[in-house]
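# Notes for the structure review
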Amino acid sequence: MSWLWAIIVGFVLGLIAKAILPGKQQIPLWLTTVFGILGSVLGNAVATWIGVNDTKGIDWTRHLLQLIGAVAVVGVGDMLWASIRGNRQRA
């Protein structure tokens, strides 16, 4: 059942990351979910590294780190996707 939660959390974090990032991202929804999952894993790794992965109550720091990881992965992933697809927007 944990893989289902990973997909749900990745989907939600990916959508929030797309909403936070400026401009329109060109990645498809399935890739947003994958990037959200990767960002969540990255955030969990950082939380473990700094020692805040398991606290009493709600792990706000871990969740914030997951969101930051998702924003970073979606941002970089969108740039890579646009350059691979050849339709990079000029600023």
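Residues numbered from 1 in each chain as written. Predicted model: local features only at pLDDT ≥ 70, side-chain atom pairs only at ≥ 80, totals over all residues. Heavy atoms only, no water.

## Things to note about the environment of Ile37
Within the secondary structure layout, Ile37 lies in helix α2 (residues 29–50). Along the chain, Ile37 and Ala70 lie 33 residues apart, while their C-alpha atoms are 7.5 Å from each other. Beyond its immediate sequence surroundings of up to four residues, Ile37 is in contact with Ala6, Ile7 and Gly10. (Helix = DSSP H or I, 4+ residues; strand = E, 2+ residues; numbered from the N terminus. Contact = heavy atoms within 4.5 Å.)

## What to know about the packing of helix α1 (residues 2–20) against α2
Their axes nearest at 7 Å, the elements α1 and α2 cross at an angle of 105 degrees. Judged on the interaxial angle alone, α2 and α1 are roughly perpendicular. Contact residues: Ala6, Ile7, Val9, Gly10, Phe11, Leu13, Gly14, Leu15 and Lys18 in α1; Leu29, Thr32, Thr33, Gly36, Ile37 and Ser40 in α2. Grouping the amino acids of the contact of α1 with α2 by side-chain chemistry returns 8 nonpolar, 6 polar and 1 charged. (Axes fitted to C-alpha atoms, helices over the stretch in contact; angles between N-to-C directions. Parallel < 35°, antiparallel > 145°, perpendicular 65-115°, else oblique. Nonpolar A, V, L, I, M, F, W, Y, C, P; charged D, E, K, R; others polar.)

## Some points on the packing of aromatic side chains
Following the criterion strictly, the structure yields 1 aromatic pair and no others. For the pair Trp30 and Trp81, a centre-to-centre distance of 6.5 Å together with 85 degrees between the ring planes defines the contact as edge-to-face. Taken together, the positions of Trp30 in helix α2 and Trp81 in helix α3 (residues 60–85) put the pair 51 residues apart, joining distant regions of the chain. Take Trp30: its relative accessible area is 54%, and that puts it in the exposed class. For Trp81, a relative accessible area of 21% gives the class partly exposed. (Phe/Tyr/Trp six-rings, centres within 6.5 Å; stacked < 30°, edge-to-face > 60°. Buried < 20%, exposed > 50% of the residue type's maximum accessible area, 1.4 Å probe, protein only.)

## Observations concerning the packing of α2 against α3
In contact at an axis separation of 7 Å, α2 and α3 are set at 135 degrees when each is read in the N-to-C sense. In terms of axis orientation, α2 runs oblique to α3. At the point where α2 passes α3, the crossing takes the right-handed sense. Residues Leu31, Phe35, Gly36, Leu38, Gly39, Ser40, Leu42, Gly43, Asn44, Val46, Ala47 and Ile50 of α2 form the contact with α3, whose participating residues are Arg62, Leu65, Gln66, Gly69, Ala70, Val73, Val74, Gly77, Asp78 and Trp81. (Left-handed = near helix turned anticlockwise from the far one by under 90°.)

## Comments concerning the side chain of Thr32
Residue position: Thr32 is located in helix α2. Its relative accessible area of 0% is what places Thr32 among the buried residues. The residues touching Thr32, leaving out its near neighbours within four places in the chain, are Gly10, Gly14, Leu15, Lys18 and Ile27.

## Some thoughts on α2
Along its 22 residues, α2 runs 31 Å from first to last C-alpha, staying within 8% of the 32 Å computed at 1.5 Å per residue. Within the sequence span of α2, burial applies to Leu31, Thr32, Thr33, Phe35, Gly36, Gly39, Ser40, Gly43 and Ala47. (Expected span 1.5 Å × (residues − 1).)

## Description of the pattern of salt bridges
The full count for this structure, using the stated rule, is 1 salt bridge. A salt bridge links Arg62 to Asp59; its shortest N-O distance comes to 3.2 Å. For Asp59, a relative accessible area of 8% gives the class buried. (Salt bridge = Lys/Arg side-chain N within 4 Å of Asp/Glu carboxyl O.)

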